[in-house]
Structure formats: structure tokens, C-alpha cells
2 protein chains.
Amino acid sequence: MTELKVQHILTLTQLISKGAKHNFVPITTSSLGKSIQKSQQAASKHLLELERDGFIERLMSGRKVSVKITPKGYDEMVKLSSILKSNLDSFPSFVELKGTLVSGMGEGAYYMSLKGYTKQFKSKIGYVPFPGTLNVKLHQKEYVEAAQQFNTLEGIMIDGFSDDKRTYGWVKCFKAKLNNSINSELIILERTHHDTTVIELISKQNIRKIGKLKNGSHLTIRIPIKT
Amino acid sequence: MTELKVQHILTLTQLISKGAKHNFVPITTSSLGKSIQKSQQAASKHLLELERDGFIERLMSGRKVSVKITPKGYDEMVKLSSILKSNLDSFPSFVELKGTLVSGMGEGAYYMSLKGYTKQFKSKIGYVPFPGTLNVKLHQKEYVEAAQQFNTLEGIMIDGFSDDKRTYGWVKCFKAKLNNSINSELIILERTHHDTTVIELISKQNIRKIGKLKNGSHLTIRIPIKT
């Protein structure tokens, strides 16, 4: 492929929509410019470049210009379209995070077993979590950055509530697979004491036990993303 | 949109296929270069340009580079993909030719009524043509050029044949609509006395009569194209 610009491709698609695959379609550079949101000069330059590289044929009669797309130009568009389509349809839709198991502060066990939360867990994620959360330290910057996106992604919302004494913040849950085997949920807390390098997981089971994990164990967490 | 090159888009699709929509994926410029069929230097330059324009984020740790696609970068691909797809799916698939009616040399009437042809016309295009062909002179270069493609396009083949005296060439037929109303066939002859500026049509009916046409009448011929 040559150094075609995306703008060239847009110009070609514009031409094709006017029938230029099979016909010489009359064209003015000012109308072409408008339809690709560029100046008339830019549109004119595109046509010259596309002709030079064999993507279109131009015919001048007087001041009228007609343009037809060559088989090469059409092929280029079909090729690009199918590469784009297949990649956009098939890319892996998950976030993978890696880190090591660290101790929590014991708070998770307390909060997660409050009735205001457990009732919602039961109905919204299908189980009451084992008391306690699994804390995972992300050592590498790429995982810390990748984990940030869950702040803005949509998950299952466990609403906050209040009792006589205080209010408790919401919890957002994302289905997660730990070490390729253990079902769990990544939880994002409205209020957390952790910095961004630590993520928390909950599960129906005692993950430490069934996964034979101890502090320092290497963990891989894969979280599917809806797209 | 910026002046993104098609190569940049290919780089982005390559990254997305590795999961870079949601994750920072480790990448070497030499492997990236290979997969987009460019040099390592070109791949490296693409990454810098894509980062500068906000299409990717890069993370360096030591000599390791990880790359994640930004929402802007992803949107750009989705946008381009849908523009391409909709235009490639929906463009008008016909050739439109314009010209004026001229006199033929009377030969058409003779040839088209030979039994070796009429039998095939009947079975392959569904009718025996009115004796005589309609000759249309294409005055403008764009129509002359556009008409040329029927030499290579696939149409309905009426085979040549021979009698005791001589052989007769094949005739290739394309369904055509004349002046938006009259059904006819554009015919391409293996042997023709015409230059490329004259095309010939046949029809079940006497086109001159039912179309109230005379020499010099302006004609528009639309020929659907299978794609």
C-alpha cells in the first residue's frame, strides 16, 4: 500500500457514493471539499494525488472534471474496509491485570457483611460474598493504568445506604476470573482507603483457601468487557 | 479528523487485534513493522505520530514499550469502518451512458435475424429482437470511456456460429434501460464496424417507433452492473 491518507479514502468513498465505480462522475472540488470537510484546495490536491497514484482517472472537458475510480482504488477500499471490520469485530474484549496478593486492613470483611450490602449482592450478583476481600497489588504501571478504566465503565451497581449512625458508599461490581479458574468480582468502591495500585476482589468462596494463595502469590485477573 | 495515514489505521487495527483497546499491550517496533509490512523505523515513527495525535497512549518501562488505544483512536477506526462499509454496500451499481441516435448501416437488422442468433436470443435473453439495432453515438469522452468496461465485464453470451459460407462472431448482451423506460439490451459484438464512440442496442420492440425517436434524439442508457 502507498501512503494514502484517511482523507483520501474519504474522498474515494464520497466518489463511490456518487457512482464513480462504474461511471465518470462530474465533480467540483468545492462540493467535494464540503463533503469531506476540507477546503476546496485540499480536495483539489487529493484528486491530483489520487490520480498520480492510480486510484482514480480524471477526464477534463473544458472546465468540467469527471472522475472514475480505478479497480486499484476500489480494491484498496475493500481491503481496508475488511481489515477494519474483521479487527473491530474480533478483538479480545477483556482487561487483564497482574499483581500479587497483599493483606487488606480487615475492613472489607466487616463492610461486605453488612445487611445493606449482602441483600443487594444476593439479588444482583447472585451470591452473598465470603466475608473479606482479596487485595491485589498491581506493581506495573500498565496494569495500574488499565485498572483505572473501571471507574468509568458500567458495572453492576450495589447502592449505598445509611443506618442511624452513618452512610455507606456504593460498590460497583465486574465479573472477573482469577488465575483462569476462580470466579469472583472486581469491586470498585465509592470510598476506599487504597491508592490506585491496589484492587479488590470478592467471591462466593474463600479465595485464599481454594486457590491455595498466600501473600506474595502471583495473580492474573481477567475481566470481560461489554463492547 | 487529522491527517491520519492508512498505515496508521493498519497499525491501530494491529494493536486492537492484540487487545489494546482495553489493555496496555507490550509491543516491539520490529514485530509491528513486520505485521504492517513496513520497516521497524516506519513502525516506530507511526507509534510516535499516533501518540502525538492522541490516538494511543504509550508506557515505557525500561526498554519495554506498552501501548493502549485511546477512546479517540478507537472512535476514529469505528467511524472510518462504518463510512467505508456503508458506502461500499450502497453505491449505485450501474453505468449510465448518454448520446444521440444515429443511423446504422442496416447490417444489424440482417445479422440479428440470422437463425443462429435468434434461437439463442430467444432462450438466453427471452425474446427474438426486433430486426435492426439502435445505434447511439457517445459524444462525450466520459461515456466513451465508461462504455469500454463492457468489453471486460461478464454479460449474457450469444455464441458465434458458422454456416457453409462464413463464420459469425459472438454477441455479448447487457440488460439496459433506455430513457428510463424502454427495456433493451446493450450488445457488444466480437466483430464490429463501429469505432468505440458508437454503441448498439437491441430490443423486443421497435424502439425508434415506441420511443418516438429520430436521428439526433438524446438518449440516456442505464445498464445495471452485478458487483
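Keep in mind it's a predicted model, so treat the numbers as computed, not measured. (Residues numbered from 1 in each chain as written. Chains lettered and ligands numbered in written order. Predicted model: local features only at pLDDT ≥ 70, side-chain atom pairs only at ≥ 80, totals over all residues. Heavy atoms only, no water.)

Caption draft 1: Spatial organisation of the overall build of chain A. A tally of regular secondary structure across chain A gives eight helices and twelve strands. Here the C-alpha atoms of chain A give a radius of gyration of 28 Å, more than 25% beyond the 17 Å that 2.2 N^0.38 yields for 227 residues. Here chain A, with 227 residues, has 46% of them falling under the buried criterion. When the accessible surface of chain A is totalled, it reaches about 11,700 Å², and 51% of it is carbon and sulfur. (Helix = DSSP H or I, 4+ residues; strand = E, 2+ residues; numbered from the N terminus. Rg over C-alpha atoms; globule rule 2.2 N^0.38 Å. Buried < 20%, exposed > 50% of the residue type's maximum accessible area, 1.4 Å probe, protein only. Areas by Shrake-Rupley, 256 points an atom, 1.4 Å probe, with all protein chains shown as cover.)

Caption draft 2: Representation of the sheet that holds strand 1 (residues 25-27) of chain A within the structure. Residues and elements named next belong to chain A. Read from one edge to the other, the open sheet built from three strands follows the order 1-3-2, with strand pairing classed as antiparallel. The open sheet has two free edges, formed respectively by strand 1 and strand 2 (56-61), since each of these has just one partner strand. On average, adjacent strands in this sheet sit at an angle of 35 degrees to one another, irrespective of strand direction. Pairing geometry for strand 2 and strand 3 (residues 64-69), over six bridges, is antiparallel. In the sheet register, Arg58 faces strand 3, and the bridge partner there is Val67. The strands touched by helix 1 (residues 6-17) are strand 1, strand 2 and strand 3; relative to strand 3, the strand with the most contacts, the crossing angle is about 100 degrees. Its contacts with the sheet place helix 3 (residues 40-52) against strand 1 and strand 2, and it is angled at close to 120 degrees to strand 2. (Pairing = 2+ DSSP bridges. Axes fitted to C-alpha atoms, helices over the stretch in contact; angles between N-to-C directions. Contact = heavy atoms within 4.5 Å.)

Caption draft 3: Structural context of the packing of helix 1 of chain A against helix 4 (residues 71-90) of chain A. All names here are of chain A. With their axes 11 Å apart at the nearest point, helix 1 and helix 4 run at an angle of 110 degrees to one another. Comparing their axes, helix 4 and helix 1 come out roughly perpendicular. In this structure, helix 1 meets helix 4 at a crossing whose hand is left-handed. Here helix 1 contributes Ile9, Leu12, Thr13 and Ile16 to the contact with helix 4, which in turn contributes Gly73, Tyr74, Met77 and Leu80. Within the contact of helix 1 with helix 4, the residues separate by chemical class into six nonpolar, two polar and no charged. (Parallel < 35°, antiparallel > 145°, perpendicular 65-115°, else oblique. Left-handed = near helix turned anticlockwise from the far one by under 90°. Nonpolar A, V, L, I, M, F, W, Y, C, P; charged D, E, K, R; others polar.)

Caption draft 4: Here's a closer look at the interface of chain B and chain A. Each side of the interface is counted separately: chain B has 47 residues, and chain A has 47 residues. In this assembly, chain B packs against chain A so that about 4,300 Å² is buried in total across both faces, 64% of it on carbon and sulfur atoms. The interface formed by chain B and chain A contains two salt bridges. We note a salt bridge from Lys64 of chain B to Glu142 of chain A, for which the minimum N-O separation is 3.6 Å. Taken together, the elements giving at least two residues each to the side of chain B that touches chain A come down to helix 1 (6-17), strand 2 (56-61), strand 3 (64-69), helix 4 (71-90), strand 4 (94-102) and helix 7 (141-148) of chain B. It is helix 4 of chain B that provides the largest number of residues to the side of chain B that touches chain A, a total of ten residues. Tallied by class, the residues present in the side of chain B that touches chain A amount to 21 nonpolar, 13 polar and 13 charged. (Buried area = accessible area lost by both parts, 1.4 Å probe. Salt bridge = Lys/Arg side-chain N within 4 Å of Asp/Glu carboxyl O.)

Caption draft 5: Summary view of the nonpolar core. Ranked by internal contacts, the top residues of the largest apolar core, which has 52 residues, are Leu15, Ile69 and Leu80 of chain A together with Leu15, Ile69 and Leu80 of chain B. Apart from residues no more than four positions distant in its own chain, Leu80 of chain B is found in contact with Val6, Ile9, Leu10, Leu80 and Leu84 of chain A together with Ile9 of chain B. (Core = buried A, V, L, I, M, F, W, Y, C linked by side-chain atoms within 4.5 Å.)

Caption draft 6: Examining the confidence of the model for chain A more closely. Confidence in the prediction for chain A averages 90 pLDDT; 99% of positions are at 70 or higher. Here helix 5 (residues 107-112) of chain A is the element of chain A with the lowest mean pLDDT, 80, and strand 6 (residues 156-158) of chain A is the one with the highest, 97. (pLDDT = per-residue confidence, 0-100.)

Caption draft 7: Structural view of unusual backbone geometry. Residue and element names in this part refer to chain A. The residue Asn180 is not glycine, and still its phi comes out positive at about 65 degrees. Looking at the secondary structure, you find Asn180 in the loop between strand 9 (171-178) and strand 10 (182-189). The phi dihedral of Lys212 falls on the positive side, at around 50 degrees, and the residue is not glycine. The topology assignment puts Lys212 in the loop between helix 8 (207-210) and strand 12 (218-224).

Caption draft 8: Expanded view of the side chain of Thr70 of chain B. Among the secondary structure elements, Thr70 of chain B is positioned in the loop between strand 3 and helix 4. If near-sequence neighbours (up to four positions away) are discounted, Thr70 of chain B is found in contact with Gly54, Phe55, Ile56 and Glu57 of chain B.

Caption draft 9: Spotlight on the sheet that holds strand 3 of chain B. Residues and elements named next belong to chain B. Across the sheet, which stays open at both edges, the three strands sit in the order 1-3-2 with antiparallel pairing between neighbours. In this open sheet, the two strands that pair with only one neighbour each are strand 1 (25-27) and strand 2. Shown here is a sheet whose adjacent strand axes are inclined to one another by a mean of 35 degrees, direction ignored. Bridge analysis of strand 1 against strand 3 gives three bridges, and the strand direction is antiparallel. Within the sheet, the bridge partner assigned to Pro26 lies in strand 3 and is Ser66. The sheet strands contacting helix 3 (residues 40-52) are strand 1 and strand 2, and the helix crosses strand 2 at an angle near 120 degrees.

Caption draft 10: Representation of the domain arrangement of chain A. Considered domain by domain, chain A is made up of domain 1 (6-90) and domain 2 (94-224). Each of domain 1 of chain A and domain 2 of chain A was reduced to a C-alpha centroid, and the two centroids are 52 Å apart. (Domains from an automatic or database assignment.)

Caption draft 11: Quick peek at the packing of aromatic side chains. Residues and elements named next belong to chain A. Enumeration over the complete set of coordinates arrives at twelve aromatic pairs over all chains. An aromatic cluster is built from Tyr110, Tyr111, Tyr117, Phe121, Phe161 and Tyr168, whose rings are joined through pairwise contacts. We note Lys21 situated over the ring of Tyr74; from NZ or CZ to the ring centre the distance is 4.0 Å. (Phe/Tyr/Trp six-rings, centres within 6.5 Å; stacked < 30°, edge-to-face > 60°. Lys NZ or Arg CZ within 6 Å of the ring centre and 35° of its normal.)

Caption draft 12: Region of the structure containing the relation of the copies chain B and chain A. When chain B is fitted to chain A, the residual RMSD is 0.2 Å, and the transformation amounts to a turn of 179 degrees plus an axial shift of 0.0 Å. In short, the pair behaves as if placed about a two-fold rotation axis. Closest approach to the rotation axis within chain B is made by the C-alpha atom of Lys5 of chain B, at a distance of 2.0 Å. Here 100% of the interface residues in chain B have copies in chain A that are interface residues too; the copies meet face to matching face. (Least-squares fit on C-alpha atoms with pLDDT ≥ 70 in both.)

Caption draft 13: Structural detail: the environment of Phe55 of chain A. Residues and elements named next belong to chain A. Mapped onto the fold, Phe55 is located in the loop between helix 3 and strand 2. When its relative accessible area of 1% is taken as the criterion, Phe55 is described as buried. Between the C-alpha atom of Phe55 and that of Val128, which follows or precedes it by 73 residues, the distance is 62 Å.

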